[in-house]
Amino acid sequence: MSTAVGDLLGATGGGQVQRVLEAELATVRTRHPDRRPRILDVGGGSGAWAVPLAAGGCAVTVVDTSPNALAALQRRAREAGVGELVTAVQGDVDALTDVVPAESADLVLGHELLEVVDDAPGAVAAMSMAAVPGGAVSVLVTGRHAAMLGRVLAGRLAEARMVLADPEGRFGPADKLRRRLDAPALRALLEAVGLQVEVLQGDGVLDTWVPRAVRDGGPAAVRAVAELEALAAEVPALREIAVRLHALARRD
Ligand SMILES: C[S@@+](CC[C@H](N)C(=O)[O-])C[C@H]1O[C@@H](n2cnc3c(N)ncnc32)[C@H](O)[C@@H]1O
């Protein structure tokens, strides 16, 4: 029934994230061999994660505020032949229990969501409540320090200073993101609602720093970058300069 999710998520990048999700799904399948893993993807948008997960044999519910994104999701799911495994629900993470039963998902995703919502602690609490006891929450969020260093390299020093100094890691009113996090802030957000952080890693540690000419250098170069990325993701000091931070946290 299931294809390795890691094989299917290539388009989303984030090889390290795939590996962690793959391991979590393997655990769920062992615990519940009689049914599909149930995934809730909050702010899942047009299905960059949801559709490959469904193609990997999961039943995926996507909750998103955007009807356009949900329409694109349904189209994409149909084209991938997994329309019946993907449920699109228009809803807000602020009122998640209105649209999704509590304690109903083996794995809850909140990928690139916390940086766009008004109330990040509230969103984390809602995602945690939607997970079954013993279930997991996967959070992917824009890293503060990569954004700062990227601006330094581009010579945008005033913005870099604001990203570093602003409590939410924003570069001012024109910033489209509500916040950027570093690893301690992400851990604190998850632990504040009683979640146990099992994985806290960088995703795209090298994205910003490897010159394009090197990355475009053919399959050997792509492989070399991927191998370096896998090593770098595990180094705490380098994790902080990843474009995104990824955490997998477990509910009691
Ligand atoms: C940057 S996209 C991320 C999409 C997807 N998770 C991914 O990783 O590719 C953020 C998504 O969150 C949705 N969103 C924003 N605020 C939301 C909220 N309060 N509740 C639910 N979804 C929300 C947006 O409509 C958008 O589809």
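Up top is the structure these notes are about.
Along each chain, residue indices are assigned from 1 in the same order as the chain's sequence is written. Confidence filtering applies because this is a predicted model: local features only for residues at pLDDT of at least 70, side-chain atom pairs given and counted only at 80 or more, and all residues used for totals across whole chains, interfaces and linings. Calculated side-chain values reflect all of the structure's heavy atoms, with hydrogen atoms and water omitted.

A. Broad picture of the overall build of the protein. Here a helix means four or more residues in a row that DSSP labels H or I, a strand means two or more in a row labelled E, and each is numbered from the N terminus. Scanning the protein for helices and strands turns up 12 helices and seven strands. Throughout, radius of gyration means the C-alpha value; the globule benchmark is 2.2 Å times the number of residues raised to the power 0.38. Against the globule reference of 18 Å for 252 residues, the protein gives a C-alpha radius of gyration of 18 Å, in line with a compact fold. In terms of overall dimensions, the protein has a C-alpha envelope of 55 × 40 × 35 Å along the principal axes. Accessible area for the protein stands at about 11600 Å²; split by element, carbon and sulfur atoms hold 55% of it. Working definition of accessibility: Shrake-Rupley area with a 1.4 Å probe, residue cover restricted to the visible protein chains.

B. How the structure looks around the packing of helix 7 (residues 144-153) against helix 8 (residues 157-165). For every element, the axis is a line fit to its C-alpha atoms; helices are fit only across the contacting stretch, and the angle between N-to-C directions ranges from 0 to 180 degrees. Between helix 7 and helix 8, whose axes approach to 8 Å, the crossing angle comes to 165°. Accordingly, the angle class assigned to the pair helix 7 and helix 8 is roughly antiparallel. In this structure, the crossing between helix 7 and helix 8 has a hand that is left-handed. The residues of helix 8 that touch helix 7, namely those facing Arg 144, His 145, Ala 147, Met 148, Arg 151 and Val 152, are Leu 157, Glu 159, Ala 160, Val 163, Leu 164 and Ala 165. Amino acids are sorted into nonpolar (Ala, Val, Leu, Ile, Met, Phe, Trp, Tyr, Cys and Pro), charged (Asp, Glu, Lys and Arg) and polar (every other residue, Gly among them). Broken down by class, the residue content of the contact of helix 7 with helix 8 amounts to eight nonpolar, one polar and three charged. When an angle is under 35 degrees it counts as roughly parallel; over 145 it counts as roughly antiparallel; between 65 and 115 it counts as roughly perpendicular; any other value is oblique. Less than a right angle of anticlockwise turn of the near helix away from the far helix marks a crossing as left-handed, whereas a clockwise turn marks it as right-handed. Residue contacts are counted whenever heavy atoms from the two residues lie within 4.5 Å of one another.

C. Layout of the sheet that holds strand 3 (residues 86-90). Pairs of strands are assigned from DSSP output, requiring at least two bridges between the strands. Spatially, seven strands are ordered 3-2-1-4-5-7-6 in an open sheet, and the strand pairing comes out mixed. Edge positions in the sheet fall to strand 3 and strand 6 (196-203), since each of these pairs with one other strand and no more. The average undirected angle you get between the axes of adjacent strands in this sheet is 15°. As judged from the seven bridges shared by strand 6 and strand 7 (residues 244-250), these two strands associate in the antiparallel manner. When the bridges of strand 7 are listed, Gln 201 appears paired with His 246.

D. Up close: the site of the ligand. Close contacts around the ligand come from 16 residues, with Gly 43, Asp 64, Asp 92, Val 93 and His 111 the closest. Within the side chain of Thr 65, one N or O atom sits 3.5 Å away from a nitrogen atom of the ligand. Between His 111 and the ligand, the recorded distance is 2.8 Å, taken from a backbone N or O atom to a nitrogen atom. Surface burial for the ligand is 76%, taken as the share of its 590 Å² of free accessible area covered by protein chains. Among the cavities detected, the one that contains the ligand is the second largest pocket. Class assignment for the residues of the shell around the ligand results in six nonpolar, seven polar and three charged. Any residue with a heavy atom lying within 4 Å of a molecule or strand is counted as near it. Counting of polar contacts relies on pairs of N or O atoms within 3.5 Å, with two restrictions inside protein: one atom must be capable of donating a hydrogen and the other of accepting it, and residues adjacent in sequence are counted only when both atoms are side-chain atoms. Both cavities and pockets are sets of points on a 1 Å grid over the protein atoms alone; in a cavity a 1.4 Å probe fits but cannot get out, in a pocket the set is open with protein on both sides within 12 Å along at least five of seven lines, and lining residues sit with an atom within 4 Å of a point. The rule for placing a molecule in a cavity or pocket is simple: more than half of its atoms must lie within 2 Å of the grid points.

E. Up close: the nonpolar core. Counting residues in each nonpolar core, the largest one holds 33 residues, and the members touching the most others are Leu 40, Val 108, Leu 114, Met 127, Leu 186 and Leu 190. Contributing elements (two or more residues each) for this core: strand 1 (38-42), strand 4 (105-111), helix 6 (120-130), strand 5 (131-142), helix 9 (183-191), strand 6 and strand 7. Tallying contributions element by element places helix 6 first for this core, with six residues. Residue contacts for Leu 190: discarding those within four places in its chain leaves Val 124, Val 139, Leu 195, Val 197, Ala 247 and Ala 249. Throughout this description, the term nonpolar core refers to a set of buried Ala, Val, Leu, Ile, Met, Phe, Trp, Tyr and Cys residues connected via side-chain atoms within 4.5 Å. Here the term buried applies to any residue with accessible area under 20% of the maximum for its type, exposed to any over 50%, and partly exposed to those in between, with areas from a 1.4 Å probe on protein chains only. Among the nonpolar cores identified, the runner-up in size contains 24 residues, and Leu 53, Val 62, Val 86 and Ala 136 belong to it.

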